[in-house]
There are 2 protein chains.
Amino acid sequence: MRPVTVYDIAREANVSVATVSRVLNNTAPVKKETRDRIVALMHKHQFQPNALARSLTRKETGMIGFILPDITNPFFPEVLSGFDYEARKLGYTYFLCDTISTNEENQRLYDRQYERESQYLSLLMEKQVDGIVMIGGRVDLAKPEPALAQELEELAKRVPVLLLNGSLPKTKLNRVAADQKLGAQLAVQHLIDLGHRDIAVIGGFSKMTNTQQRLAGFRTAMKDAGLPVHREWVMTEGFSVEKGQEFASRLLDSKRRPSAIFCMNDLLAIGALKAAHRAGVSVPEQLSIVGYDDIPQATYCIPELTTVSLLSQETGRQAARTLDKMIAGKKVPLLQTIVPELIVRETTAPYQGPSS
Amino acid sequence: MRPVTVYDIAREANVSVATVSRVLNNTAPVKKETRDRIVALMHKHQFQPNALARSLTRKETGMIGFILPDITNPFFPEVLSGFDYEARKLGYTYFLCDTISTNEENQRLYDRQYERESQYLSLLMEKQVDGIVMIGGRVDLAKPEPALAQELEELAKRVPVLLLNGSLPKTKLNRVAADQKLGAQLAVQHLIDLGHRDIAVIGGFSKMTNTQQRLAGFRTAMKDAGLPVHREWVMTEGFSVEKGQEFASRLLDSKRRPSAIFCMNDLLAIGALKAAHRAGVSVPEQLSIVGYDDIPQATYCIPELTTVSLLSQETGRQAARTLDKMIAGKKVPLLQTIVPELIVRETTAPYQGPSS
DNA sequence: GAGCAAAATGAAACCCGTTTCATAAAAGGG
DNA sequence: CCCTTTTATGAAACGGGTTTCATTTTGCTC
């Protein structure tokens, strides 16, 4: 059966569609008697306005595109849930766009991320979203960064675009971003304060701005303390538990062990924790570990992770509020900085001298 | 600047909009010369068809609503990622609808879930989604279950609805669901096979069908083995790590301890693991723990969780494929059962006699 | 070259709301 | 009671595509 339209209502109520529309949107006074009659009919037929038709004329859809790299990485659901909370309050719905590629064996491939992002951007434009928020990403080995930024800047002229914790720092794009360098400094400084001198850093992707910034924070903290950075103690290209385990195992197997490891995210830290356990190295007594992101799982493991919180929920909320303002045409600061916080839990302890 | 439309292209190409539309959709032969001219113009102006307008006439949007209870519960991103994979291949985009309520302090409230689901269902209808998949949920303390089912059945007449791992088993609604009872039986049987007799079960919400089914599986396994079920060893109303820790702590503090705990999900199991650690009870030597869901985090903890896999990714994929068929008007079986698998890892071991 | 099917194209209706503009009716002021 | 506002309402255009139906071309066959 055909859904009921304003025309059906109008006919049965002996009024024009214009009047029905006015009742629907409370956009002009309607005689009480008429209004009641129309409202009654709407209920009777369970009338639901067609959002497509409405959006077509209004030129606003109440739809947002949310692009993220990988929903199974627990950091993103946290951000998303904050975003969801505000977005709903503001009356938006959103398309979830996951840019990870998965092959048939369920392996996650990050290499085509840029391509997928571009596809989604185009798709979202066709769907006429009111705005786009994009988190992470923009990695492409083939194209130089300015080209990626340019595509987005071009897009941002047509629709509000908000970058979260974004790469591409040198652009005119609006961003809500944690101070990644500071976050890393906090973590490393904490280790240094505990007396550690031999500090390794693992994870991240060298092409990603996030990683570069955190690495910079690491280097700055080390340099400020007059500590050397060992080449072989900087291991990148990975963000998963498995990678963390692999990196940490390699570190623990080497002739000279670091006494502390700074991990580029909590997943890596969890992997490091597992590696330490397998190697019979006790944490934090013989090895201190600091994570990054403060995902919920950071408190699930034993011992609980010391980590850097990026206020992920808050970032998501901020994003929703900011994008809403942008959509409304209000001015918003180009960059809103989230100040990371060090969360000291159980995986860090004072340096206890050489372990083995 | 106004986006370019088919009319703009048509005018500049000296053809009618009908012809442009035909080129766009390859729906009728167009002279090569004309086609080339039109395609060139489309590229020149970066023409992007307005999906709203298209959907309005076609009466199909390529949009799906995906309703789930809580994206920060790692089980759901797993399902979602499987769904995402297939859905994208099939050309759908989807609205993510999280039904959890969060208060300003970021506490998660499950109590208004039913209400939120109803709101979303209505919203999705207005947005003209082609189909809806809904996972979990339908819990309402106030309304009887039949009423909830009826609302959905009514809806299902207007748009394809697919329930995932669903509650509401006695309905005419299409479902893709794991055999929850079997899953629980698998888990408990495993414990029994290891020689455990004192088995507790923790977690779940007594109002949820899922929980009831798993509980039934637990009871059946116990009964088949001639083992008693202690009232005080069945603890419900919760699905979080915190709750798991709380439940397990209580069990470990009681005069008579169970030697094994079956947890209604992995989060609870992780909590139990923490409780055991805090209480100085070693797992699996003194206490065996089995989880449920096989979320990625099950392998992140130490020791790794023995658990029941519901093939979450596969469930998601199946859902997308099935919903697509339903949308296409093809016949699909009313119920597609996912057969759970027991994943034996490190948190279970043979019963070693009374612990203390 | 007539005859006919297939190809190529345009005009106009349609999808379902919103909005503008004009008109009619009711209400308030002097 | 007439005049001016407000209030109340309808006709019609619009948004940006798709689709039907009719008409004109073109390509072949005999």
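What you see is a predicted model; the values in this text were computed from it and never measured.

## What to know about the domain arrangement of chain A
Interface extent is often summarised as the accessible area lost during association of the parts.
Okay, step 1: In terms of domain boundaries, chain A breaks down into domain 1 (6–49), domain 2 (61–179 + 311–340) and domain 3 (180–310).
Okay, step 2: Look at where the C-alpha atoms of domain 1 of chain A and domain 3 of chain A centre, and you get two points 63 Å apart.

## Digging into the relation of the copies chain B and chain A
Okay, step 1: The operation relating chain B to chain A is a screw motion whose rotation component is 180 degrees, with 0.0 Å of axial translation and a residual RMSD of 0.1 Å. With respect to symmetry, the two chain copies, as superposed, fit the operation of a two-fold axis. When C-alpha positions in chain B are compared against the rotation axis, the closest is assigned to Phe95(B), at 2.3 Å.
Okay, step 2: Interface overlap between copies is the fraction of interface residues in one copy that are interface residues in the other; for chain B against chain A it reaches 98%, indicating a shared surface.

## Notes on unusual backbone geometry
Glycine aside, residues mostly have negative phi, and peptide bonds are mostly found in the trans state.
Okay, step 1: With omega at 10 degrees, the peptide bond leading from Val283(A) into Pro284(A) counts as cis.
Okay, step 2: Summarising the element assignment, Pro284(A) is placed in the loop between helix H11 (266–278) and strand S11 (288–290).
Okay, step 3: One non-glycine residue with positive phi stands out, namely Glu237(A), at about 75 degrees.
Okay, step 4: Inspection of the secondary structure puts Glu237(A) in the loop between strand S9 (234–235) and helix H10 (241–253).
Okay, step 5: For Glu237(A), a relative accessible area of 34% gives the class partly exposed.
Okay, step 6: With a phi close to 55 degrees, Asp294(B) is a non-glycine residue in the positive phi region.

## Points about the environment of Thr315(B)
All names here are of chain B.
Okay, step 1: Within the secondary structure, Thr315 is located in helix H12 (residues 312–327).
Okay, step 2: When its relative accessible area of 1% is taken as the criterion, Thr315 is described as buried.
Okay, step 3: Linking Thr315 and Thr337, residues 22 residues apart in sequence, is a C-alpha distance of 9.4 Å.
Okay, step 4: Among all residues touching Thr315, those that are not within four sequence positions of it are Leu164, Val176, Leu310 and Ile338.

Criteria and cut-off values
Residues numbered from 1 in each chain as written. Chains lettered and ligands numbered in written order. Predicted model: local features only at pLDDT ≥ 70, side-chain atom pairs only at ≥ 80, totals over all residues. Heavy atoms only, no water. Domains from an automatic or database assignment. Least-squares fit on C-alpha atoms with pLDDT ≥ 70 in both. Contact = heavy atoms within 4.5 Å. Helix = DSSP H or I, 4+ residues; strand = E, 2+ residues; numbered from the N terminus. Buried < 20%, exposed > 50% of the residue type's maximum accessible area, 1.4 Å probe, protein only.

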